[in-house]
Amino acid sequence: MKASVFFYSCKTIQEVCPINDLMINEEIREREVRVVNQNGEQLGIMPTQQALELAEQQELDLVNIAPNAHPPVCKLMDYGKYRFEMSKKEREIKKNQKVMETKGIQLSATIEDHDIDVKFRQAVKFLKDGNKLKVTIRFRGRQIAHSEIGQQVMQEFAERIKDYGTVERRPMLEGRQMTMMVGPRDTKKE
């Protein structure tokens, strides 16, 4: 005779109720809950069924706002209106966020004055738009033996750009490349 083995799994509260979704009305499976009204006043601990009846009388939803508490805290509220307000806040936050991109400027150790002027104008445009700037010099062939020339070019470029941006990371040699990070100057503080 074979022995049968049965496996069952218990779901955690995060699996049943994802962080953004709250349990409402009949989804609440606890025996008793602590009830809070719309104004934030505590109505006390009561059986879930009684809390559901109270919510129905007031034409509101019973929303489990603290599922990890003992007993869980449920609030009487208009859930549709609450979701609308939360989505409105999220849209407002996204609208006010400023996305900062990193733009790149490529210099060389043997760059001429006119070329550096062109790169400077391009860098100023990037910084005025509020973007970060990654300035790189790629050393070719034997140029790597004279990395101090590249260091000097970077210092001169940083000196030129200081009115429009601040050097966030000093020039560093990484393999055959020297890089420097420049952030836009914060005009609000000035």
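Residues numbered from 1 in each chain as written. Predicted model: local features only at pLDDT ≥ 70, side-chain atom pairs only at ≥ 80, totals over all residues. Heavy atoms only, no water.

### Digging into unusual backbone geometry
Outside of glycine, negative phi angles account for most residues, and trans bonds account for most peptide bonds. A cis amide bond links His70 with the next residue in sequence, Pro71, at an omega value of -10°. With respect to the element layout, Pro71 can be found in the loop between β4 (61-66) and β5 (73-77). At Asn25, a position not held by glycine, the phi torsion is positive, near 45°. If you trace the backbone, Asn25 turns up in the loop between β1 (23-24) and β2 (32-36). Unlike most non-glycine residues, Glu59 shows phi in positive territory, near 55°. As for its placement among the helices and strands, Glu59 is situated in the loop between α2 (48-57) and β4. A relative accessible area of 70% places Glu59 in the exposed class. (Helix = DSSP H or I, 4+ residues; strand = E, 2+ residues; numbered from the N terminus. Buried < 20%, exposed > 50% of the residue type's maximum accessible area, 1.4 Å probe, protein only.)

### Considering the pairing of β5
Counting buried positions over the five residues of β5 gives four, a clear majority of the element. Inspection of the sheet shows β2 paired to β5 by three bridges, in the parallel sense. Its bridge partner being in β5, Arg34 is matched across the sheet by Val73. Pairing of β4 with β5 involves five bridges; the strand directions are antiparallel. Bridged to Leu62 within β5 is Leu76. Count of turn residues in the β4/β5 antiparallel hairpin: six residues. (Pairing = 2+ DSSP bridges.)

### Section: the packing of helix α4 (residues 113-128) against helix α5 (residues 147-161)
Between α4 and α5, the shortest axis-to-axis distance is 11 Å and the interhelical angle comes to 50°. Comparing the axis directions of α4 and α5 gives the class oblique. In this structure, α4 crosses over α5, and the sense of that crossing is right-handed. Residues Ile116, Asp117, Lys119, Phe120, Ala123, Val124 and Leu127 of α4 pack against Val153, Phe157, Arg160 and Ile161 of α5. Split into classes, the residues belonging to the contact of α4 with α5 amount to eight nonpolar, no polar and three charged. (Axes fitted to C-alpha atoms, helices over the stretch in contact; angles between N-to-C directions. Parallel < 35°, antiparallel > 145°, perpendicular 65-115°, else oblique. Left-handed = near helix turned anticlockwise from the far one by under 90°. Contact = heavy atoms within 4.5 Å. Nonpolar A, V, L, I, M, F, W, Y, C, P; charged D, E, K, R; others polar.)

### With respect to the nonpolar core
Core analysis: the largest hydrophobic core is formed by 22 residues, its most contacted members being Leu107, Leu133, Val135, Phe157 and Ile161. Every element with two or more residues in this core is listed here: β6 (102-107), α4, β7 (132-138), α5 and β9 (177-184). Residue contributions to this core peak at six residues, all from α4. What Ile161 contacts, discounting residues up to four positions off in sequence, is Phe120, Ala123, Val124, Leu127 and Val182. Counting twelve residues, the second largest nonpolar core, distinct from the first, contains Leu52, Ala55, Leu62 and Leu76. (Core = buried A, V, L, I, M, F, W, Y, C linked by side-chain atoms within 4.5 Å.)

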